Amino acid sequence: MALAPSTTHTSARSGSTRFRRPAAVAVAVLTATGLLSACSYGSKSEDKSAAAPAAASSGAAKLSADTVKIGYFANLTHGTPLVGLKEGLFQKELGATTIKPQVFNAGPAEIEALNAGSIDIGWIGPSPAINGFTKSNGTSLKILGGSASGGVKLVVNPDKIHSLDELKGKKIATPQLGNTQDVALLNYLATKGYKVDAQSGAGDVSVVRTDNKVTPDAYKSGSIDGAWVPEPTASKLVTLGAKVLLNEKDVWPDGKFVITNIIVSQKFLKAHPDVVEAVLRGSVNTNAFIKANPAKAKADANAAIKEAAGNALSDNVLDPAWQDIEFLDDPLANTLQAEADHAVTAGLLKKPNLAGIYDLTLLNKVLQAQGRPVVADAGLGTK
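The rules behind these values
Residues numbered from 1 in each chain as written. Predicted model: local features only at pLDDT ≥ 70, side-chain atom pairs only at ≥ 80, totals over all residues. Heavy atoms only, no water. Pairing = 2+ DSSP bridges. Helix = DSSP H or I, 4+ residues; strand = E, 2+ residues; numbered from the N terminus. Axes fitted to C-alpha atoms, helices over the stretch in contact; angles between N-to-C directions. Contact = heavy atoms within 4.5 Å. Salt bridge = Lys/Arg side-chain N within 4 Å of Asp/Glu carboxyl O. Buried < 20%, exposed > 50% of the residue type's maximum accessible area, 1.4 Å probe, protein only.

## Considering the sheet that holds strand β8 (residues 206–209)
Part 1: Taken in spatial order, the five strands make up an open sheet running β8-β7-β9-β6-β10, and their pairing is mixed. Both edges of this open sheet fall to β8 and β10 (243–247), since each of them pairs with a single strand only. Shown here is a sheet whose adjacent strand axes are inclined to one another by a mean of 30 degrees, direction ignored.
Part 2: By the bridge criterion, four bridges tie strand β6 (residues 152–156) to β10 in an arrangement that is antiparallel. What sits directly across from L154, in β10, is L246.

This is the structure:
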């Protein structure tokens, strides 16, 4: 995700009172073409359909739609759909309504699919959700709920960097110019007093934009000294001898920040609220399953990744990466607002109007039915 042209390249950490200092903020920023990348692993490849649609339950009652088209990534941070589809927890709630899954590798492609009607509901990162909503003037999508928090770390070569005060003159990789982790690093460096040009990455610390697929090789070759990256890239680097210098969750209040949301086409939500509610029940039940059965859920997610991507993650990568991600129903709306606010403060994003980006009505209905507390939209919900 490329940054939009900007005349401001330093960030003041004012705004949200939920932050403590210094704080790295995974903010949403516009690309040069007006797109935002997903919280994926830096992949730019095209989306692909899953091998086969999920089978509808025999003899079950059908909801208002014959099918529901669901999009997600083959990433650990999308563990809810990976596990829920594998365990049949979504299909159980949907009855005779057939699931048609589609796997994506980048947020912009998923937003385009949602806008085109190729998918109805999707799991996606905060940046493309914000962009999809604002670029459509609030007409394309709604955030239905949360899915995951965490899973981002600053890992470094311990022979070159021993503390957070030793970043000057070093080369630190991020997945892509202007993506969520890139901006988080830029903002963190600003709080430490380092001067870095946001566009070029040049300055007191060299920010090197490197696709996560090649970041391990860049680390092995010595062309980078560390990286601010999502899982499982962070854990892959640790297997190569890197050490975790900072876990991003440690700079957020309560250790939580949104990394994956559930979105829906507004058209589909209006036409088929019963189907949307069923999917949300499946999501809530899946997150409960993950918490109750962590080992089975982790194995399910890895098996789904192997089916979609061709290769499973090794245990020494999978185990620490999975442990660092929290699966939850709360969209952590305050952190989404904080991301946007700090992007604006940094001069990297024109102030977006996020009013109405959330519609948590059906999620809260599902939670209340299970005797659980409702979640808040931080004043950004449907009026």
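So, next bit.
## As for the environment of L237
Part 1: Residue position: L237 is located in helix α7 (residues 233–239).
Part 2: Sequence spacing of L237 and D217 is 20 residues, and the spatial spacing of their C-alpha atoms is 9.3 Å.
Part 3: Contact partners of L237, with chain neighbours within four places excluded, come to V155, T215, P216, Y219, A227, V229 and A242.

## Comments concerning the pattern of salt bridges
Part 1: On inspection of all chains with the given rule, the structure shows 15 salt bridges.
Part 2: Close ionic contact of K220 with D217 constitutes a salt bridge, the shortest N to O distance being 3.5 Å. Of this pair, K220 and D217 both sit in helix α6 (residues 215–221), separated by three residues, roughly a single helical turn.
Part 3: With its nearest N and O atoms 3.3 Å apart, the salt bridge here joins D324 to K249. Here D324 is found in the loop between α11 (315–323) and β12 (325–327), whereas its partner K249 is found in the loop between β10 and β11 (258–265), with 75 residues between them in sequence.
Part 4: Using a relative accessible area of 22% as the deciding quantity, one classes K249 as partly exposed.
Part 5: Three or more residues are tied together by salt bridges with common partners; here these are E93, E277, R281 and K365.

## Topic: helix α1 (residues 79–87)
Because the α-helix completes a turn every 3.6 residues, residues three or four places apart line up on one side.
Part 1: Within α1, the full set of buried residues consists of G79, T80, P81, L82, V83 and G84.
Part 2: In the segment just after α1, G88 is the residue with positive phi, at about 75 degrees.

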